[in-house]
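# Overview (structure and organization)
Read off the chains here:
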Amino acid sequence: MAHPTYGCAKILNVRVKITISFYTALKPHFLPGFHSSISIMDYFRFLSLEMTLEILTRLPTELVLECKSVCIDWRSLVGHPSFSKLHLHRLNHPDAESGKSDFLVLTCGHDGLYYLEYDENHDHSTTPMQRITRIDFTSPFKYFGFRFVGSVNGLLCFIDFINQPICVCNPITREYVILPEIKRDCDTDGYSYGETNFDYVFSTNEYKVIGFYKSKTHFEVYIYILSSGNGWRNLGKFNCGSSLYLKCKVFFVNGALYWLDNELKMIGTFGLADEKFGGQLLPPPLSPNGEWLNYRIGVLDRFFFLSLYEKVDGFHDIWLLKEKNLNHDKEERKEHQSLVWNEEFRINKMDLLAVMKSGAVFTYGGGKYINLYDTKTSTSKSLVKFKNWILGESTHKNTLVSLKKLGEEDTKIMESVNSREQPQEDANPEYIYL
């Protein structure tokens with residue numbers, strides 16, 4: 001049992017944080033007559049339940065968790081299923097972004113998972129990397145050889161390199177579930193494991209894990225829906241032709257999965273809502289003499305983009321798929337008849353992490369560095385250097401989404417390790433700001 005003095009200190013610390021957050025962010029909206037000599041907690045006693053909910057759902061995720069220790073009423077309020085939904089809605093609101101981006105970085109060594117918060121509108125006297133926190137995370141796998149599959153609404157999916165089990169977890173609440181193994185009818189039919197993807201389908205309110213197996217001419221697709229209780233569902237084998245043989249990673253964009261074929265001649269699509277293969281896109285006109293390697297597909301300022309790395313010159317080419325004219329007819333856009341590829345910019349020698357709406361690009365390179373590339377000046381600046389090598393990265397947003405409340409009966413809690421910001425006086429820092 002924790003010492004009572006420690007418990008009181010923790011509650012006081014939470015109240016101080018809430019006071020600061022409330023005063024800086026919410027005072028103009030809720031307390032026009034705010035008097036600095038009156039405690040925020042005194043105001044809370046007179047607020048209605050609806051107003052308290054309005055305030056607490058606007059707080060950062062980590063602080064919301066600490067609110068549960070303040071009083072019984074808050075604990076009950078934060079623990080209600082509707083609270084996490086409203087909190088997630090506010091986090092995903094377009095106005096909540098305002099130039100901010102959050103990332104997860106996985107480094108060598110057990111439990112080396114970090115949460116990075118970047119603010120594009122930072123005070124220029126300070127670093128744009130506002131905060132780095134080591135996540136309270138312990139791998140449920142016996143070995144540490146795993147990679148990120150995807151991050152959606154605060155849920156992180158990763159797969160073990162050794163035995164290929166799949167895990168979905170919320171690194172903030174520490175809930176996790178190991179998915180059952182995919183049982184194939186035959187393991188000697190020429191199919192091999194191709195790719196795993198994890199995403200959320202807004203139209204059906206479902207989190208889906210997709211497993212691809214591949215042969216030279218076919219895909220075999222499996223779907224696992226969190227909370228369905230149905231396990232893996234085999235959608236069957238699809239004849240897509242040799243040109244759509246998976247080259248590497250599959251990406252989720254606007255409700256569909258996209259991947260580039262092995263010969264760089266076609267972009268394949270698979271709709272997550274209807275669970276069907278869709279139309280095919282032609283990639284941008286690439287040099288036939290280029291040695292194209294890693295690629296990334298996503299959305300940049302509402303436009304579909306494709307990034308390709310050319311081995312010889314060491315550049316990432318970023319292409320955007322834009323409309324030829326201002327005709328916004330949905331049927332025409334659906335058939336991709338009014339779209340054309342435009343090469344927007346190039347990035348030198350760095351692995352692409354994310355593209356900001358402003359056009360700034362996050363990269364990581366040299367094994368240990370997180371960088372920011374300015375496409376307007378073609379210059380790169382290192383923001384953070386980690387002590388250990390970077391093994392993986394993913395854009396991410398801390399949320400309160402609960403696997404248990406979604407209906408995953410086998411949900412467990414990860415063993416706890418210390419989650420903390422690095423002390424400034426640390427003689428052997430896990431990372432340094434640059």
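Above this text is the structure in question.
What comes next concerns the included structure. (Residues numbered from 1 in each chain as written. Predicted model: local features only at pLDDT ≥ 70, side-chain atom pairs only at ≥ 80, totals over all residues. Heavy atoms only, no water.)

## Things to note about the overall build of the chain
What counts here: Strands are runs of DSSP state E lasting at least 2 residues, helices are runs of H or I lasting at least 4, and numbering of each runs from the N terminus. Here's how the labels work: a residue is buried when its accessible area is under 20% of the maximum for its type, exposed when over 50%, partly exposed in between, all with a 1.4 Å probe on protein chains only. We call two residues in contact when some of their heavy atoms are within 4.5 Å. Note on areas: these come from Shrake-Rupley sampling with a 1.4 Å probe, and a residue is covered only by the protein chains present in the view.
Scanning the chain for helices and strands turns up nine helices and 27 strands. The buried share of the chain, taken over its 434 residues, is 45%. Here the contacts in the chain between residues at least 6 apart in sequence split such that 50% fall between residues at least 24 apart. Counting only carbon and sulfur atoms, one obtains 51% of the accessible surface of the chain, whose full area is about 23000 Å².

## Some details on the sheet that holds strand S15 (residues 276-277)
Threshold: Here, a strand pair is defined by DSSP locating no fewer than two bridges between the strands.
An order of S12-S13-S14-S15 is seen for the four strands of this open sheet, with the pairing classed as antiparallel. Strand pairing shows two members of the sheet lacking a second neighbour, strand S12 (251-253) and S15, which therefore form its edges. Bridge count between strand S14 (residues 267-271) and S15: two bridges; the pairing is antiparallel. When the bridges of S15 are listed, Phe 270 appears paired with Phe 277.

## Quick word on the packing of aromatic side chains
So the rule is basically this: Centre distance within 6.5 Å is the pairing criterion for rings of Phe, Tyr and Trp, where only the six-membered ring of Trp is used; planes under 30 degrees apart are then read as stacked, over 60 as edge-to-face, and the remainder as tilted.
Throughout the structure, instances matching the rule amount to 14 aromatic pairs. Joined through ring pairs, the aromatic side chains of Tyr 114, Phe 386, Tyr 431 and Tyr 433 make up one cluster.

## Some details on helix H5 (residues 72-79)
As a reminder, the rule being used: Directions are taken from the helix axis to each C-beta atom, and the arc is the one they span.
Listing the buried residues of H5 in full gives Trp 74, Leu 77 and Val 78. The arc that holds the buried residues of H5, viewed along the axis, is 95°, so those residues lie on one side. Among the exposed residues of H5, those pointing more than 90 degrees away from its buried face are Ile 72, Arg 75 and Ser 76.

## Observations regarding the side chain of Asp 199
Of note, Asp 199 is situated in strand S8 (residues 192-201). When neighbours within four sequence positions are excluded, Asp 199 is seen to be in contact with Val 152, Glu 206, Tyr 207, Lys 208, Phe 252, Leu 257 and Leu 272.

## Digging into the pairing of strand S2 (residues 113-119)
Counted residue by residue, S2 has seven buried out of seven residues, so it is predominantly covered. Because side chains alternate across S2, one face comprises the buried residues Leu 113, Tyr 115, Glu 117 and Asp 119, and the other comprises Tyr 114, Leu 116 and Tyr 118, equally buried. Pairing of strand S1 (residues 100-107) with S2, which is carried by seven bridges, proceeds in the antiparallel orientation. Considered in S2, the bridge of Lys 100 is made with Asp 119.

## A short note on the sheet that holds strand S10 (residues 218-225)
Here is the rule we go by: Angles here are taken between N-to-C directions and fall from 0 to 180 degrees, while the axes themselves are lines fitted to C-alpha atoms, restricted in helices to the stretch in contact.
As summarised here, the arrangement of the four strands in space is S8-S9-S10-S11, forming an open sheet in which the pairing is antiparallel. Every other strand in the sheet has two partners, leaving S8 and strand S11 (232-239) as the edge strands with one partner each. Pairs of neighbouring strands in the sheet enclose a mean axial angle of 20°, with direction left out of account. The pairing of S8 with strand S9 (residues 206-214) spans nine bridges and is classified as antiparallel. Each residue of the ladder has a partner; that of Asp 199, found in S9, is Lys 208.

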